[in-house]
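# Analysis of the macromolecular model
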Amino acid sequence: MTTTQSAVLSIARTQVLENGEGLSEQQVLDVLRLPDSELDELLALAHEVRMRWCGPEVEVEGIISLKTGGCPEDCHFCSQSGLFESPVRSAWLDVPMLVEAAKQTAKTGATEFCIVAAVRGPDARLMSQVAAGIAAIKDEVDINIACSLGMLTPEQVTELAAMGVHRYNHNLETARSHFPNVVTTHTWEERWETLRLVREAGMEVCCGGIVGMGETLEQRAEFAAQLASLTPDEVPLNFLNPRPGTPFGDLEPMPGPDALRTVAAFRLAMPRTVLRFAGGREITLGDLGARQGLLGGINAVIVGNYLTTLGRPAESDIDLLGELEMPLKALNDTL
Amino acid sequence: MTLFCDRCGRPAADPGHERCARGRELEPPRYCPECARRMVVQVTPVGWVARCSRHGELTGS
Ligand code: SF4
Ligand SMILES: [Zn+2]
Ligand SMILES: [Zn+2]
């Protein structure tokens, strides 16, 4: 360990905790290189930063796959690509089931419901299904609606904003320098362009990615810095859950301490963002992960199941929030 | 009747499904346990529905 690395925590205390200024790429790298013996101190600092700049509230979200599988893209981590020998078959959800899923989500106390489709970008059929679904949900359920439908045209961005979509998710997935090793059917820059359009239209920007996809620590730091430069409203952080049949199917899940260091480092890079625990946390961190993350910089969770895999029961996470005395963010609050 | 592993679709009597069993704790089934057809699976926030074109629907949470 270099002097810089061990010094980074005391620098972060002034720079991030007191002044609210995120760590630079090099500083994030120093954090990612901290030894396990300094992990507790790091997590405690990330937690303080989150409490100071975001508060104790936790934003709870449920997600649903509106269109599953058969995607023409080749994201190497994804079981929904139609280009791999994945066991996931195409499926469409109808509007009544979509409304039911929104109700189930609202019942947990969640304030966010994200509608996701496995597509390169929406076609007319998907846009009309989304419009019908959102109208039906708004009639019956009190919940914020987010969407994740791939790359958008300027017209589609305008349409989604007009439907009342308050936040749009589009992940950069990984560092720009690692992206070509993960996806070859579209570019990081194309993803960035959609994010720019989303922001311009006044929707909140939700952008994160997956760690543990063979990136180096340098690239993980690069990714944190690139996300920070986007200043997203929310960053969902996923840990690779190697899916059978995908090119990354044989990678090992990331070790727990590395996952926690990443959580803390991302928090220190982005003190004010909604940092969400997303997929793969159960695999990487086990049952203790939720607690460790929530005390290490996380202030938002996806509860219940994911798109093609299952999560912990929503009640386990909600009970944990009660135990940690972290109130659920209420509807119409802003963090 | 469980003739096939519902995670990998190979005969259940074959060895080597320990990893499948572990995986299934956090995954819905993907193959019909009766005929090994790939099922159409919809995951929802609180459960899942898996449909085999021949053997109908399975549900779980
Ligand atoms: S675009 Fe989305 S659904 Fe399609 S392969 Fe990539 S991650 Fe999977
Ligand atoms: Zn098996
Ligand atoms: Zn069958």
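A quick note: this is a predicted structure, and the numbers were derived from the prediction, not measured.

### Description of the pairing of strand β1 (residues 40-44) of chain B
All names here are of chain B. For β1, the buried fraction is high: five of the five residues fall into the buried class. Going residue by residue along β1, you find Val 40, Gln 42 and Thr 44 tucked away on one face and Val 41 and Val 43 tucked away on the opposite face as well. Pairing of β1 with strand β2 (residues 47-52), which is carried by five bridges, proceeds in the antiparallel orientation. The residue of β2 that forms the bridge with Val 40 is Arg 51. The loop that links β1 with its antiparallel partner β2 comprises two residues.

### Describing helix α8 (residues 217-230) of chain A
All names here are of chain A. End to end, α8 covers 20 Å across 14 residues, agreeing with the expected 20 Å (1.5 Å per residue, within 8%). All of the buried residues in α8 are Gln 219, Arg 220, Ala 221, Glu 222, Phe 223, Ala 224, Gln 226, Leu 227 and Leu 230. Residues of α8 that are buried sit in contact with α2 (25-32), α7 (188-200), β6 (204-206), β7 (209-211), β8 (234-239) and α9 (256-269). Downstream of α8 by one or two residues, Thr 231 has phi in the positive range, about 40°.

### Some words on the packing of aromatic side chains
Residue and element names in this part refer to chain A. Scanning the entire structure with this criterion turns up three aromatic pairs over all chains. On the basis of an interplanar angle of 20° and a centroid distance of 5.3 Å, the ring pair of Trp 188 and Trp 192 is categorised as stacked. Of this pair, Trp 188 and Trp 192 both sit in helix α7, four residues apart, roughly one helical turn. For Trp 188, a relative accessible area of 5% puts it in the buried group. On the basis of relative accessibility, which here comes to 27%, the residue Trp 192 falls in the partly exposed class.

So, how was this worked out
- Position labels on residues start from 1 in each chain and follow its written sequence.
- Written order decides the labels, with chains lettered from A and ligands numbered from 1.
- Given that the model is predicted, a residue must reach a pLDDT of at least 70 before its local features are reported, and side-chain atom pairs must reach 80 or more before they are shown or counted; all residues, however, enter totals for whole chains, interfaces and linings.
- Working from all heavy atoms in the structure, the side-chain values ignore hydrogens and water.
- In this scheme, a residue with accessible area under 20% of its type's maximum is buried, one over 50% is exposed, and one in between is partly exposed, where area comes from a 1.4 Å probe on protein chains only.
- Counting from the N terminus, the helices are DSSP H or I runs at least four residues long and the strands are E runs at least two residues long.
- Pairing between strands requires that DSSP locate at least two bridges from one strand to the other.
- Multiplying 1.5 Å by the residue count of a helix minus one yields the expected span of that helix.
- In what follows, residue pairs with any heavy atoms lying within 4.5 Å of each other are defined as contacts.
- Between the rings of Phe, Tyr and Trp (Trp by its six-membered ring), a pair exists once the centres lie within 6.5 Å; its type follows the angle of the planes, with under 30 degrees stacked, over 60 edge-to-face, and the other angles tilted.

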